[in-house]
Amino acid sequence: MSTDSNYDLVVIGSGPGGYVAAIRAGQLGLKTAIIEKESLGGVCLNWGCIPSKALLKNAEILSYINRADDFGFSFDNFHADYSVAYTRSRRVVNRNTRGVAFLLRKNNVEHIQGTGKLVSEGVVEVAPDGQRLNAKNIILATGARPRSIPPLPVDGDKIITSREAIVLDQLPASVVIVGGGAIGVEFAYIYRMYGVEVTIVELLPRLVPTEDEDISPILERSFDRHGIKIMTGAGVTGAVPGADGVAVTVAKEGAEEVLNCEKVLVAIGVRSNIEDIGLESMSIAVQDGGIQVDDVMRTNVANVYAIGDVTGKLALAHVASAQAAIAVENMAGLETKALDYGSIPRATYCNPQIASFGLTEAQAKEQGHDVQIGTFNVMANGKALAMGESEGIVKLVTDSKYGELLGAHMIGPEVTELLGELSLAKLLEGTTLELGWAVHPHPSMSEMLKEAALAAQGRAIHM
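Residues numbered from 1 in each chain as written. Predicted model: local features only at pLDDT ≥ 70, side-chain atom pairs only at ≥ 80, totals over all residues. Heavy atoms only, no water.

Q: An account of the overall build of the protein chain is needed here, citing residue identities and associated values.
A: The helix and strand inventory of the protein chain stands at 13 helices and 24 strands. By principal-axis analysis of the C-alpha atoms, the protein chain measures approximately 70 × 60 × 45 Å. Counting only residues that meet the buried cut, the protein chain has 52% of its 463 residues in that class. Within the protein chain, residue pairs in contact and separated by at least 24 positions form 63% of the contacts whose partners lie at least 6 positions apart. Only carbon and sulfur atoms are counted for the fraction: they give 50% of the accessible area of the protein chain, which is about 21000 Å². Between the averaged position of the 39 positive side-chain charges in the protein chain and that of its 55 negative side-chain charges there is a distance of 4 Å. (Helix = DSSP H or I, 4+ residues; strand = E, 2+ residues; numbered from the N terminus. Buried < 20%, exposed > 50% of the residue type's maximum accessible area, 1.4 Å probe, protein only. Contact = heavy atoms within 4.5 Å. Areas by Shrake-Rupley, 256 points an atom, 1.4 Å probe, with all protein chains shown as cover. Lys, Arg positive; Asp, Glu negative; His and termini not counted. Charge placed at Lys NZ, Arg CZ, Asp CG, Glu CD.)

In structure tokens form, the structure reads like this:
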């Protein structure tokens, strides 16, 4: 084995953390290489965020067709071909990954196909050919993979994770989705719009259990109207594949029930990819299954950084990208700002969409804040009604003394697009007073933010 090349930075993993780090390093003039064992863009671009949003768009269109009478449309012999939706999603993926490859080339980043592993200080080995790279700095961006549990032995056929689900070109007739978080409810919506019999099993008392308590009932009512069966406070104790499908045993309140379905989708979170990347060789610290990092993403070993899902902070693509910029700019000697993980926006793209950041009402009260709540109902928004959508709320959690934004929790049409304004308001230390002062376009979904801010002050106009 030979030590072939010297780099200012070697990045292991090319997801939205890794490729952003490499591009930013290239922009700053650092000689950079990025190592990827599969496809550029990682899980997000290839098997997660991007293809799922393409499929969700198909499902949204189908939801309008399913209530075409409301819009005065009628037709015969309608057929929804999921294989075409799948093919479209892969075209979207391919365009994105080609874009990443172009940006890497544009910024003089060397793309190396293979599996990277730390072998000693400043040295990364690439399998399978054994090439060794010298690096002044190393970023570990190896991501995460779906979690599994013993009662749900994933076989990639009848018991699957999101990785397998996203590349199915034909849907099962029935599915049990284990996990009612973002991944579970997004797939539930896609499947149900295409006529699949869907049951969601969630161990906690409500769907999307990390969201504010006022969000979950609205989603559950919507899903119930669509015919999605919801079992909350229930756990899976076993799953037995057979010739025709899977028998899933679910325990709830001391009683067991067997659900028969064609496939089981396991959507119970992710675990960091910390194995087989050489952490032990350099005694890199790991805590709670993730690589420990400081505010600038440094590990406990000089010049080794970690970003994205492998850190176990927040398994979100935009978190990985933000961490990437901080890590690279720090190693380049630029000033950086520590991430406030509590203010990171979170988006779930089922219909109605869910968008949130910051503290829930319960969390704000637990932390001792004197809380003032401002809410606005989607059905009072003219743009939403014109779109044929009326489900949802905008809820602002604020400090009563100064009107500081402590959190925002929204469910409704396209509410994920409203997070940017709230994130900027939080960054600039804006209050409900400024949100209420700001003139918003009419008719628009963004007016709901203004109205909710006014509501927190007892001044809402349209509610």
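Q: Tell me about the pattern of salt bridges, residues and numbers included.
A: If you walk through the whole model with that rule in mind, you get 21 salt bridges. Across the salt bridge formed by R192 and E197, the nearest N and O atoms sit 3.5 Å from each other. On the basis of relative accessible area, R192 is assigned to the buried category, the value being 19%. A single network of salt bridges, built from pairs that share partners, joins D212, D214, E361, K365 and K395. (Salt bridge = Lys/Arg side-chain N within 4 Å of Asp/Glu carboxyl O.)

Q: I'd like a rundown of the nonpolar core, residues and numbers included.
A: As a rule of thumb, nonpolar side chains are buried together in soluble globular proteins. Among the nonpolar cores identified, the biggest contains 51 residues, and I139, L140, I284 and I291 are the most heavily contacted of them. Dropping the residues within four chain positions of it, I291 is found in contact with L140, I274, I277, L279, I284, A285, V286, T299, A306, V310 and T311. With 39 residues, the next largest nonpolar core counts V175, Y189, M193 and I228 among its residues. (Core = buried A, V, L, I, M, F, W, Y, C linked by side-chain atoms within 4.5 Å.)

Q: I'd like a rundown of the packing of aromatic side chains, residues and numbers included.
A: The description of two aromatic rings rests on the distance between their centres and on the angle between their planes. Inspection of every chain in the model, using the stated rule, returns 4 aromatic pairs. For the pair Y64 and F71, a centre-to-centre distance of 5.6 Å together with 65° between the ring planes defines the contact as edge-to-face. Residue F71 is classed as partly exposed on the basis of its relative accessible area of 34%. Centre to centre, the rings of F75 and F78 are 5.5 Å apart; their planes meet at 45°, and the pair counts as tilted. Assessed through its relative accessible area of 41%, F78 is described here as partly exposed. The aromatic ring of Y7 is capped on one face by K31, whose charged end is 5.1 Å from the ring centroid. In this structure, R163 is placed above the aromatic ring of W47, and the distance from its NZ or CZ to the ring centre is 3.6 Å. (Phe/Tyr/Trp six-rings, centres within 6.5 Å; stacked < 30°, edge-to-face > 60°. Lys NZ or Arg CZ within 6 Å of the ring centre and 35° of its normal.)

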